[in-house]
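Take a look at the letters that make up each chain.
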Amino acid sequence: MAGKVNHDYHILEPDIWPLIGSMSALAFTSGMILWLNPDVFGESGWIVMGLGLAGLLATFFMWFKNVVVEAQRGDHTPVVQLHMRYGMILFIASEVMFFVGWFWSFFDFALFPAPITVDETGLVTSLFQQDGEAAARTFPAAGVEVLDPFSLPLLNTLILLCSGTTVTWAHHALIHGDREGLKQGLWATIALGVVFTAIQAYEYSIAPFAFGTNTYSSAFYMATGFHGFHVLIGTIFLAVCLYRAYIGHFTQRQHFGFEAAAWYWHFVDVVWLFLFIAVYIWGGWGAPIH
């Protein structure tokens, strides 16, 4: 037969969502530029950015929905699953390099501190001269209090380490056909992720420094904030897997969606360990504790 498939690959059907996604990405990034420069482009930038973000969210939902449908109808053969694993590995590698950039900036600020600070009015002031004498370059800057790494940050570290064990429990339960264990492990991991996010938000609310007041605070909030965003995305990822587990998706041999979520969660765990050591312990070493 002319239409008979005689290979193990999945030829995708024509789909409009890649086009919508690319146009939405253009609108979102362009709208962000417009929104950040209201003096030049007016006040309509947030509308363009909002429309782009809505298009991206719709693309994510529909594209992932299509992937789930393809998996359930058997299009994800072992060859296709192998290539999807390669894709996930490359995605996580790109995420690693994303965080390498934030670590690079943090170490650059710490090892070569810039002699500037920003006062409470937002005015940049030089530290080269204070009372006629050259000021020392320190990191964090003089007068900056840091969070105690062995209080809330340590608690969050233990929470993420526990979540790594619960998601592994869920994975092994799925491999051995224990669907109740799969659900329980996912529930525990999601709960730990929500608790981590709540503690992180509380930590930000009591932090003694604001974003942008000095290089330490900027690097701290960008690195830990993006990590928190990844925890939120990973929690949503696992929640979708939990829903799919309840409606009967995933088998012992075919569960790449859950496997990708578990890989992503372990990546989030490992990044936090580096953040805890580099930012909280080493970065604030010798500074006064808040």
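Placed above this text is the structure.
Please read these numbers as outputs of a predicted model, since none were measured by experiment. (Residues numbered from 1 in each chain as written. Predicted model: local features only at pLDDT ≥ 70, side-chain atom pairs only at ≥ 80, totals over all residues. Heavy atoms only, no water.)

**Concerning the packing of aromatic side chains**
Turning to step 1, where the next piece is worked out: This structure, assessed with the given rule, holds 27 aromatic pairs.
Turning to step 2, where the next piece is worked out: Summarising the aromatic geometry, the rings of Phe209 and Tyr221 are spaced 5.7 Å apart at their centres and angled 70 degrees between planes, so their arrangement reads as edge-to-face. Placement of Phe209 in the loop between α6 (179-206) and α7 (215-246) and of Tyr221 in helix α7 is noted, with a sequence separation of twelve residues between them.
Turning to step 3, where the next piece is worked out: Accessibility expressed as a relative area gives 14% for Tyr221, which makes it buried. (Phe/Tyr/Trp six-rings, centres within 6.5 Å; stacked < 30°, edge-to-face > 60°. Helix = DSSP H or I, 4+ residues; strand = E, 2+ residues; numbered from the N terminus. Buried < 20%, exposed > 50% of the residue type's maximum accessible area, 1.4 Å probe, protein only.)

**Quick look at the packing of helix α4 (residues 78-111) against helix α8 (residues 256-282)**
When two helices pack together, their arrangement is given by the angle between the helix axes and by the axis-to-axis distance.
Turning to step 1, where the next piece is worked out: Where α4 meets α8, the axes come as close as 11 Å, and the angle between the chain directions of the two elements is 10 degrees. Relative to α8, the element α4 lies roughly parallel.
Turning to step 2, where the next piece is worked out: Residues that form the contact of α4 with α8 fall into these classes: 23 nonpolar, no polar and three charged. (Axes fitted to C-alpha atoms, helices over the stretch in contact; angles between N-to-C directions. Parallel < 35°, antiparallel > 145°, perpendicular 65-115°, else oblique. Nonpolar A, V, L, I, M, F, W, Y, C, P; charged D, E, K, R; others polar.)

**Focus: the pattern of salt bridges**
Turning to step 1, where the next piece is worked out: Under the counting rule described, the total for this entry stands at four salt bridges.
Turning to step 2, where the next piece is worked out: Glu13 is the salt-bridge partner of Arg73, the closest N and O atoms lying 2.9 Å from each other. On the criterion of sequence distance, the pair formed by Arg73 in the loop between α3 (45-72) and α4 and Glu13 in the segment before α1 (17-36) is long-range, its members being 60 residues apart.
Turning to step 3, where the next piece is worked out: With a relative accessible area of 47%, Arg73 lands in the partly exposed category.
Turning to step 4, where the next piece is worked out: Between Lys183 and Glu180 there is a salt bridge, and its shortest N-O distance comes to 3.7 Å. Of the two residues, Lys183 and Glu180 are both situated in helix α6; the distance of three residues between them amounts to about one turn of the helix.
Turning to step 5, where the next piece is worked out: Given a relative accessible area of 46%, Glu180 falls into the partly exposed group.
Turning to step 6, where the next piece is worked out: Bridged by salt links that share partners, the residues Glu13, Arg73 and Asp75 form one connected network. (Salt bridge = Lys/Arg side-chain N within 4 Å of Asp/Glu carboxyl O.)

All quantities given are derived from atomic positions and should not be read as evidence of function.
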